[in-house]
Amino acid sequence: MVRAVCFDLMDTVLYDPYREALAAAIRSAAPGAPAAPSEMAKHRDPTCWPAFEIGEIDEAEFARRFFREGAAGFSFDLDAFNRVRRAGYRFLPGVREIVASLEGRALRFVASNYPVWVEEVREAFALDVLFEGVYSSHHLGVRKPAREFFDRLMTRIGVGAGECLFVDDRAENCEAAAAIGMRAHLFDGAAGLRARLVGEGLLGEGLLGA
(Lines give C-alpha, C1' and ligand atoms only; values in the text may rest on other atoms or scores of the structure.)
Protein backbone atom coordinates (compact mmCIF):
# COMPACT_ATOMS: atom_id res chain seq x y z
CA MET A 1 0.00 0.00 0.00
CA VAL A 2 1.31 3.45 -0.94
CA ARG A 3 1.01 5.95 1.90
CA ALA A 4 3.20 8.69 0.44
CA VAL A 5 4.21 10.00 -2.97
CA CYS A 6 7.55 11.82 -3.23
CA PHE A 7 7.91 14.09 -6.23
CA ASP A 8 11.00 15.53 -7.81
CA LEU A 9 10.38 19.24 -8.40
CA MET A 10 12.10 20.53 -11.53
CA ASP A 11 10.90 19.05 -14.82
CA THR A 12 8.51 16.83 -12.87
CA VAL A 13 6.18 19.26 -11.09
CA LEU A 14 7.51 22.57 -12.41
CA TYR A 15 9.25 23.50 -15.64
CA ASP A 16 12.93 24.18 -14.98
CA PRO A 17 14.02 27.44 -16.66
CA TYR A 18 17.71 26.83 -15.93
CA ARG A 19 18.75 26.51 -19.58
CA GLU A 20 17.10 29.77 -20.63
CA ALA A 21 18.46 31.55 -17.58
CA LEU A 22 21.95 30.29 -18.34
CA ALA A 23 21.73 31.52 -21.93
CA ALA A 24 20.80 34.97 -20.62
CA ALA A 25 23.58 35.00 -18.03
CA ILE A 26 26.62 33.98 -20.04
CA ARG A 27 28.59 36.74 -21.66
CA SER A 28 31.50 36.16 -24.02
CA ALA A 29 34.44 38.46 -24.57
CA ALA A 30 33.28 39.47 -28.04
CA PRO A 31 30.50 42.08 -27.66
CA GLY A 32 27.16 40.67 -28.79
CA ALA A 33 28.61 37.28 -29.64
CA PRO A 34 26.82 34.26 -28.14
CA ALA A 35 28.90 31.87 -26.09
CA ALA A 36 29.35 28.59 -27.96
CA PRO A 37 28.07 25.80 -25.67
CA SER A 38 31.02 23.53 -26.42
CA GLU A 39 33.51 26.29 -25.66
CA MET A 40 31.66 27.36 -22.54
CA ALA A 41 31.50 23.80 -21.20
CA LYS A 42 35.30 23.50 -21.30
CA HIS A 43 35.65 26.40 -18.89
CA ARG A 44 32.89 25.60 -16.41
CA ASP A 45 33.70 24.55 -12.87
CA PRO A 46 31.79 21.23 -12.51
CA THR A 47 31.90 21.42 -8.71
CA CYS A 48 30.05 24.69 -8.17
CA TRP A 49 26.48 23.62 -8.99
CA PRO A 50 26.54 20.50 -6.76
CA ALA A 51 28.08 22.58 -3.97
CA PHE A 52 25.38 25.23 -4.38
CA GLU A 53 22.60 22.62 -4.38
CA ILE A 54 23.62 21.27 -0.98
CA GLY A 55 24.23 24.69 0.56
CA GLU A 56 28.01 24.53 0.74
CA ILE A 57 28.23 27.85 -1.15
CA ASP A 58 25.80 30.73 -1.58
CA GLU A 59 24.34 32.22 -4.75
CA ALA A 60 27.07 34.85 -5.14
CA GLU A 61 29.79 32.21 -4.84
CA PHE A 62 27.96 30.01 -7.36
CA ALA A 63 28.05 32.84 -9.91
CA ARG A 64 31.68 33.68 -9.10
CA ARG A 65 32.79 30.06 -9.45
CA PHE A 66 30.66 29.18 -12.46
CA PHE A 67 33.75 29.39 -14.67
CA ARG A 68 37.09 27.95 -13.63
CA GLU A 69 39.77 30.24 -12.27
CA GLY A 70 41.64 31.78 -15.18
CA ALA A 71 38.90 31.10 -17.76
CA ALA A 72 39.25 34.18 -19.93
CA GLY A 73 36.51 35.44 -22.19
CA PHE A 74 33.40 34.53 -20.22
CA SER A 75 31.43 36.18 -17.46
CA PHE A 76 28.26 35.29 -15.55
CA ASP A 77 25.52 37.90 -15.18
CA LEU A 78 23.69 36.81 -12.02
CA ASP A 79 21.00 39.50 -12.32
CA ALA A 80 20.11 38.38 -15.85
CA PHE A 81 20.12 34.76 -14.74
CA ASN A 82 17.73 35.39 -11.88
CA ARG A 83 15.42 37.58 -13.95
CA VAL A 84 14.91 34.84 -16.55
CA ARG A 85 14.84 32.06 -13.96
CA ARG A 86 12.10 33.69 -11.89
CA ALA A 87 9.99 34.42 -14.95
CA GLY A 88 10.33 30.90 -16.33
CA TYR A 89 8.89 28.64 -13.63
CA ARG A 90 5.47 27.15 -14.32
CA PHE A 91 3.55 24.01 -13.47
CA LEU A 92 3.92 21.27 -16.06
CA PRO A 93 0.61 20.51 -17.80
CA GLY A 94 -1.73 18.47 -15.63
CA VAL A 95 0.66 17.87 -12.75
CA ARG A 96 -0.71 20.39 -10.28
CA GLU A 97 -4.15 18.83 -10.68
CA ILE A 98 -2.77 15.35 -10.07
CA VAL A 99 -0.94 16.42 -6.91
CA ALA A 100 -4.04 18.18 -5.63
CA SER A 101 -6.20 15.11 -6.33
CA LEU A 102 -4.02 13.05 -3.98
CA GLU A 103 -5.11 15.07 -0.97
CA GLY A 104 -6.53 12.71 1.62
CA ARG A 105 -5.40 9.69 -0.40
CA ALA A 106 -1.64 9.86 0.23
CA LEU A 107 0.91 12.11 1.84
CA ARG A 108 2.66 14.29 -0.73
CA PHE A 109 6.27 15.41 -0.51
CA VAL A 110 8.77 17.26 -2.67
CA ALA A 111 12.07 15.34 -2.87
CA SER A 112 14.32 17.38 -5.13
CA ASN A 113 17.86 18.36 -5.97
CA TYR A 114 17.61 22.15 -5.78
CA PRO A 115 19.49 25.00 -4.08
CA VAL A 116 18.16 27.75 -1.81
CA TRP A 117 15.94 28.96 -4.67
CA VAL A 118 13.53 26.23 -3.55
CA GLU A 119 12.31 28.67 -0.90
CA GLU A 120 11.35 31.24 -3.55
CA VAL A 121 9.54 28.59 -5.54
CA ARG A 122 7.88 27.25 -2.41
CA GLU A 123 6.28 30.64 -1.75
CA ALA A 124 5.52 31.58 -5.36
CA PHE A 125 3.69 28.32 -6.10
CA ALA A 126 2.18 27.72 -2.64
CA LEU A 127 3.92 24.36 -2.35
CA ASP A 128 3.07 24.13 1.34
CA VAL A 129 -0.60 23.99 0.33
CA LEU A 130 -0.04 21.21 -2.23
CA PHE A 131 2.48 19.15 -0.24
CA GLU A 132 2.80 17.94 3.32
CA GLY A 133 6.54 18.64 3.18
CA VAL A 134 9.17 20.16 0.89
CA TYR A 135 12.66 18.62 1.03
CA SER A 136 15.48 19.44 -1.32
CA SER A 137 19.22 18.88 -1.39
CA HIS A 138 19.45 22.37 0.12
CA HIS A 139 17.64 21.07 3.23
CA LEU A 140 19.14 17.57 3.35
CA GLY A 141 22.75 18.48 2.60
CA VAL A 142 23.15 15.75 -0.01
CA ARG A 143 22.04 15.19 -3.60
CA LYS A 144 20.24 12.41 -5.40
CA PRO A 145 21.11 9.74 -6.39
CA ALA A 146 23.21 9.32 -3.23
CA ARG A 147 21.79 6.74 -0.83
CA GLU A 148 22.08 9.24 2.01
CA PHE A 149 19.58 11.56 0.30
CA PHE A 150 16.92 8.88 0.50
CA ASP A 151 17.88 7.81 4.02
CA ARG A 152 17.54 11.39 5.26
CA LEU A 153 14.30 11.84 3.34
CA MET A 154 12.77 8.73 4.91
CA THR A 155 13.74 9.95 8.37
CA ARG A 156 12.07 13.31 7.73
CA ILE A 157 8.80 12.00 6.34
CA GLY A 158 8.38 9.10 8.76
CA VAL A 159 7.04 6.62 6.20
CA GLY A 160 8.67 3.30 5.29
CA ALA A 161 10.40 3.08 1.93
CA GLY A 162 8.08 0.29 0.77
CA GLU A 163 5.09 2.55 1.38
CA CYS A 164 6.44 5.37 -0.80
CA LEU A 165 6.16 6.00 -4.52
CA PHE A 166 9.03 8.13 -5.83
CA VAL A 167 8.46 10.15 -9.02
CA ASP A 168 11.39 11.65 -10.94
CA ASP A 169 12.32 12.49 -14.52
CA ARG A 170 15.82 10.99 -14.19
CA ALA A 171 16.30 7.25 -14.43
CA GLU A 172 19.34 7.20 -12.14
CA ASN A 173 17.31 8.80 -9.35
CA CYS A 174 14.48 6.31 -9.80
CA GLU A 175 16.97 3.45 -9.69
CA ALA A 176 18.49 4.80 -6.48
CA ALA A 177 15.04 5.09 -4.89
CA ALA A 178 14.18 1.53 -5.93
CA ALA A 179 17.47 0.31 -4.43
CA ILE A 180 16.30 1.29 -0.94
CA GLY A 181 12.90 -0.34 -1.46
CA MET A 182 10.80 2.56 -2.71
CA ARG A 183 8.44 2.11 -5.63
CA ALA A 184 9.59 4.35 -8.47
CA HIS A 185 8.00 5.99 -11.48
CA LEU A 186 10.08 7.57 -14.25
CA PHE A 187 8.14 10.72 -15.09
CA ASP A 188 7.40 11.30 -18.77
CA GLY A 189 4.27 13.40 -18.49
CA ALA A 190 0.99 13.75 -16.62
CA ALA A 191 -0.79 10.94 -18.48
CA GLY A 192 1.75 8.31 -17.50
CA LEU A 193 1.86 9.53 -13.91
CA ARG A 194 -1.91 9.50 -13.66
CA ALA A 195 -2.03 5.94 -14.99
CA ARG A 196 0.60 4.84 -12.44
CA LEU A 197 -1.37 6.39 -9.58
CA VAL A 198 -4.52 4.66 -10.76
CA GLY A 199 -2.58 1.39 -10.87
CA GLU A 200 -1.40 1.97 -7.31
CA GLY A 201 -5.01 2.47 -6.21
CA LEU A 202 -4.48 6.13 -5.32
CA LEU A 203 -6.73 7.58 -8.02
CA GLY A 204 -9.93 6.33 -9.63
CA GLU A 205 -10.13 5.10 -13.21
CA GLY A 206 -12.30 8.09 -14.12
CA LEU A 207 -9.29 10.39 -13.75
CA LEU A 208 -7.37 8.68 -16.56
CA GLY A 209 -9.04 10.86 -19.11
CA ALA A 210 -8.97 14.01 -17.03
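Being a predicted model, the structure only gives us computed values, none of them experimental. (Residues numbered from 1 in each chain as written. Predicted model: local features only at pLDDT ≥ 70, side-chain atom pairs only at ≥ 80, totals over all residues. Heavy atoms only, no water.)

With respect to the overall build of the protein
So, step 1. Broken down by element type, the protein carries 12 helices and 7 strands.
So, step 2. Within the protein, buried positions represent 48% of all 210 residues.
So, step 3. Counting only contacts in the protein whose residues sit at least 6 apart along the sequence, the fraction spanning at least 24 positions is 62%.
So, step 4. Accessible area of the protein: about 9800 Å², with a carbon and sulfur share of 52%. (Helix = DSSP H or I, 4+ residues; strand = E, 2+ residues; numbered from the N terminus. Buried < 20%, exposed > 50% of the residue type's maximum accessible area, 1.4 Å probe, protein only. Contact = heavy atoms within 4.5 Å. Areas by Shrake-Rupley, 256 points an atom, 1.4 Å probe, with all protein chains shown as cover.)

Some words on the nonpolar core
So, step 1. The biggest cluster of nonpolar side chains holds 52 residues, and the ones touching the most others in it are Val5, Phe62 and Phe76.
So, step 2. For Phe62, the contacting residues outside a window of four places in its chain are Tyr18, Cys48, Trp49, Phe52, Ile57, Phe76 and Trp117.
So, step 3. Listed in part, the 21 residues of the second largest apolar core include Phe149, Ile157, Ala176 and Met182. (Core = buried A, V, L, I, M, F, W, Y, C linked by side-chain atoms within 4.5 Å.)

Focus: the pairing of strand E7 (residues 183–186)
Residues in a regular strand point their side chains to alternate faces of the sheet.
So, step 1. In the sheet, strand E6 (residues 164–168) pairs with E7 via 4 bridges, with the strands oriented parallel. Following the sheet pairing, Asp168 is matched in E7 by Leu186.
So, step 2. Remark: the E6/helix H11 (residues 171–179)/E7 crossover connection has right-handed handedness. (Pairing = 2+ DSSP bridges. Right-handed = clockwise from strand over helix to strand, strands pointing away.)

Notes on the pairing of E6
So, step 1. The buried fraction of E6 is high, at 5 of 5 residues.
So, step 2. Of the two faces of E6, the one lined by Cys164, Phe166 and Asp168 and the one lined by Leu165 and Val167 are each fully buried.
So, step 3. Pairing geometry for strand E1 (residues 4–7) and E6, over 4 bridges, is parallel. By the bridge assignment for E6, Phe7 is matched with Val167.

Quick notes on unusual backbone geometry
So, step 1. The step from Lys144 to Pro145 runs through a cis peptide bond, and the omega angle for that step is 10°.
So, step 2. Locating Pro145 in the fold gives a position in the loop between helix H9 (137–140) and helix H10 (147–157).
So, step 3. If you check the backbone angles, Asp11 has positive phi at about 65° while not being a glycine.
So, step 4. The phi dihedral of Ala126 falls on the positive side, at around 50°, and the residue is not glycine.
So, step 5. In this fold, Ala126 is placed in the loop between helix H7 (118–124) and helix H8 (127–130).

Details of helix H12 (residues 190–199)
So, step 1. Those residues of H12 that fall on the buried side of the exposure criterion are Ala190, Leu193, Arg194, Leu197 and Val198. Down the axis of H12, the buried set is contained in an arc of 140°. They therefore lie on one face. Turned more than 90 degrees from where H12 packs its buried face, Ala191 and Gly199 sit exposed.
So, step 2. Elements that come into contact with the buried residues of H12 comprise E1, helix H6 (95–101), E6 and E7. (Arc of directions from axis to C-beta.)

Side note on the pattern of salt bridges
So, step 1. All chains considered together, the criterion is met by 17 salt bridges.
So, step 2. A salt bridge links Glu132 to Arg108, with the shortest nitrogen-to-oxygen separation between them at 2.9 Å. Taken together, the residues Glu132 in the loop between H8 and strand E5 (133–136) and Arg108 in strand E4 (residues 107–112) connect sequence positions 24 residues apart.
So, step 3. Close ionic contact of Glu172 with Arg170 constitutes a salt bridge, the shortest N to O distance being 3.9 Å.
So, step 4. Judged by its relative accessible area of 39%, Glu172 falls in the partly exposed class. (Salt bridge = Lys/Arg side-chain N within 4 Å of Asp/Glu carboxyl O.)

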